[in-house]
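As a plain string of letters, each chain reads:
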Amino acid sequence: MTFTQAFLIFFFIVQIIHFLGTWKLYVKAGRKAWEALVPVYNALILMRIINRPKEWYWVILLFIPIVNLIVFPVLWVETIRSFGRTERYETILVVITLGFYIYYVNYMLDVEYVHERSLKPRTSAGEWIASILFAVVAATLVHTYVMQPFVIPSSSLEKTLLVGDFLFVSKIHYGARTPMTSVALPMVHDAIPFTGMKSYMKEPQLPYYRFPGFESIERNDIVVFNWPADTLTVINDPNSKTLYKPLDKRSNYVKRCVGLPGDKLEVRDGFVFINGKQNVLPERAKLQFKYIVHTKGQRFSPQYMHDRYDITDEFGTIPGNPNIYVFPGLTEKTAAELKNHPNVLKVEKYLEPAGQRDAGIFPHSKNYNWNNTNFGAIDIPYAGSTVQLTMENIPLYKRAIAEYEGKNLTVEDNQIKIDGKVITSYTFEQDYYWMMGDNRGNSQDSRSWGFVPFDHVLGKPVFVWMSWDTKATGFNKIRWNRLFTTVSGEGEPVSYFKYFLILLAGWFVFNYFRKKKKAAAK
């Protein structure tokens with residue numbers, strides 16, 4: 001059975017349940033019984049019965065995933081109240097029975113339809129609840145389809161985006177992706193805060209769909225996406241147990257897109273080369289590498305390095321040799337400044353030599369002697385591209401074909417099969433990207449788990465509205481120069497916070513005189 005068939009069966013079952021539970025109520029409200037049976041039309045008539053203005057608006061909300069989970073309980077309550085059932089216990093019953101209390105009202109009670117029922121809450125508590133529900137629905141719509149807040153958790157893009165930056169991520173730039181997990185708490189990702197409990201049910205899953213965007217991902221864009229390898233286990237251990245997470249509930253990652261569909265990508269000594277030419281990063285991007293620093297013996301405290309050199313990454317000494325420090329992420333400028341420190345003897349950039357294999361690097365195969373600083377070359381697939389498959393290159397594409405494109409791919413007796421049929425080539429169905437951090441020595445990125453398919457893309461960071469430095473003290477914890485700054489652009493970020501304060505002050509002054517004028521008119 002296909003997903004479409006299963007969905008249609010489920011949809012019509014819901015219509016039958018609705019009809020059996022409400023047809024008498026429709027009749028008592030002056031409508032025809034059959035009107036409770038016709039899909040979509042029955043929802044429109046129900047909105048008129050419960051005296052909901054802008055009925056088409058409410059019908060549309062019923063078909064928006066996640067939002068409809070808020071709307072359904074509201075409609076259950078409004079339905080029984082339209083027939084005089086206004087007791088608090090009945091409101092609770094209709095919610096905890098998932099609307100099935102309406103069956104009892106429909107068949108067991110002799111109710112009368114309340115014409116022109118007032119929608120105004122009868123108590124202040126009711127007004128608060130109505131306002132909160134409206135705010136949650138509006139916020140969920142914005143959060144899901146327009147703009148989502150996001151916080152930078154790691155230093156992989158340090159110097160461009162800092163740990164503790166609070167971002168607004170635009171969903172509309174690349175096209176908003178509709179939810180696939182249909183039963184989940186609104187505005188909560190994969191876990192309920194402070195509990196560790198899942199915030200969603202795995203089933204039912206809706207098919208992938210994305211609204212058209214107004215731009216495509218460009219090289220060097222910073223992109224937020226769902227971590228392809230998120231199973232909450234060690235991804236480099238093929239024997240480890242995995243926990244399946246739906247695509248849209250996998251952890252959110254932010255990296256820089258350095259490779260586009262169709263590119264041939266290579267990493268040489270930590271620098272990315274595209275089609276044989278070195279990738280030129282934007283001015284705001286600051287590449288960082290791992291450095292080994294030999295000292296004369298004086299200790300470097302984290303606070304001292306943070307204050308003097310703005311080093312935020314954790315660093316430490318080599319075991320058994322307290323005079324040799326390992327810094328996982330330094331810019332070339334900071335490394336040059338460290339060379340002039342009176343306690344420093346030598347500063348060396350750490351680069352793994354070409355040809356030395358790192359087992360934790362994609363594609364995790366003995367056929368490829370690649371590492372973090374010398375990697376590739378590798379061809380990035382694009383929708384419609386065909387690759388010839390061999391036993392040598394199948395490790396590069398196996399995960400994409402099996403996991404991201406959903407094919408039943410197996411390798412048996414030196415043969416590659418899909419659904420048991422031997423194949424020698426494969427044509428990809430979607431575009432893929434290569435995401436990397438600017439902190440080349442301290443970033444888990446595509447070098448660890450390979451291609452990122454377009455269906456995993458969440459959005460584009462556009463704005464830093466708050467920045468919090470946990471290593472600072474007092475008022476310095478707020479990075480004032482980063483408040484209300486744009487993510488993209490040339491030159492150093494410019495804060496628009498003072499302009500925001502001016503607008504805010506202007507609004508308060510305008511509102512004060514407006515209220516004063518109204519009071520004088522009375």
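Up top you'll find the structure we're talking about.
Everything numeric in this text was worked out from a predicted model, so none of it was measured.

> Would you mind showing me how to read the sheet that holds strand β12 (residues 375-379) here?
Strand pairing in a sheet is mediated by backbone hydrogen bonds. Such pairs are either parallel or antiparallel. Spatially, the four strands line up as an open sheet ordered β7-β6-β5-β12, and their pairing is antiparallel. Of all the strands in the sheet, the pair left with one neighbour each is β7 (277-278) and β12. Bridge analysis of strand β5 (residues 264-268) against strand β6 (residues 271-274) gives four bridges, and the strand direction is antiparallel. Bridge pairing in β6 places Arg268 opposite Phe271.

> How should the pairing of β5 be read in this particular structure?
Note on strand geometry: in a regular strand, side chains alternate between the two faces of the sheet. The side-chain alternation of β5 yields one buried face, formed by Leu265 and Val267, and one unburied face, formed by Lys264, Glu266 and Arg268. Pairing analysis gives four bridges linking β5 to β12, with the strands arranged antiparallel. Looking at β12, one finds that Val267 is bridged to Phe375.

> What am I meant to see in helix α2 (residues 41-49) here?
Helical periodicity: at 3.6 residues per turn, an α-helix aligns residues three or four positions apart in one direction. Most of α2 sits out of view: seven of its nine residues are buried. When α2 is considered as a whole, its buried residues turn out to be Asn42, Ala43, Leu44, Ile45, Leu46, Met47 and Ile49.

> Could you clarify how one ought to interpret unusual backbone geometry in this entry?
Across the junction of Glu203 and Pro204, the peptide omega takes the value 0°, indicating a cis bond. In this structure, Pro204 sits in the loop between β2 (165-170) and β3 (222-226). Cis geometry is found at the peptide bond from Phe362 to Pro363, where omega equals 10°. Residue position: Pro363 is located in the loop between β11 (344-349) and β12. One non-glycine residue, Asn51, adopts positive backbone phi at about 65°. For Asn51, the location among the structural elements is in the loop between α2 and α3 (55-62). We note that Ile66 has phi near 75°; this positive angle belongs to a residue other than glycine. You can see Ile66 is positioned in the loop between α3 and α4 (67-81). For Ile66, a relative accessible area of 8% translates into the label buried.

> Would you take a moment to explain the pairing of β6 for this structure?
Connecting β5 to the next strand, β6, in antiparallel fashion are two residues, including Asp269 with a positive phi near 50°. In this antiparallel pair of consecutive strands, β6 and β7, the connection spans two residues, and Asn275 shows a positive phi of 50°.

Rules and cut-offs
Throughout this document, residue positions are counted from 1 along each chain, in the order its sequence is written. Residue-level local features of this predicted model are given only where pLDDT is at least 70; pairs of side-chain atoms are given and counted only at 80 or more, and the full residue set underlies all totals for whole chains, interfaces and linings. As a convention, hydrogens and water are excluded, and side-chain values are obtained from all of the structure's heavy atoms. Strand pairing is assigned whenever DSSP identifies at least 2 bridges connecting the two strands. Only runs of H or I of at least four residues qualify as helices and only runs of E of at least two qualify as strands under DSSP, and these elements are numbered from the N terminus. Three labels apply to residues, based on accessible area from a 1.4 Å probe with only protein chains included: buried if under 20% of the type maximum, exposed if over 50%, partly exposed otherwise in between.

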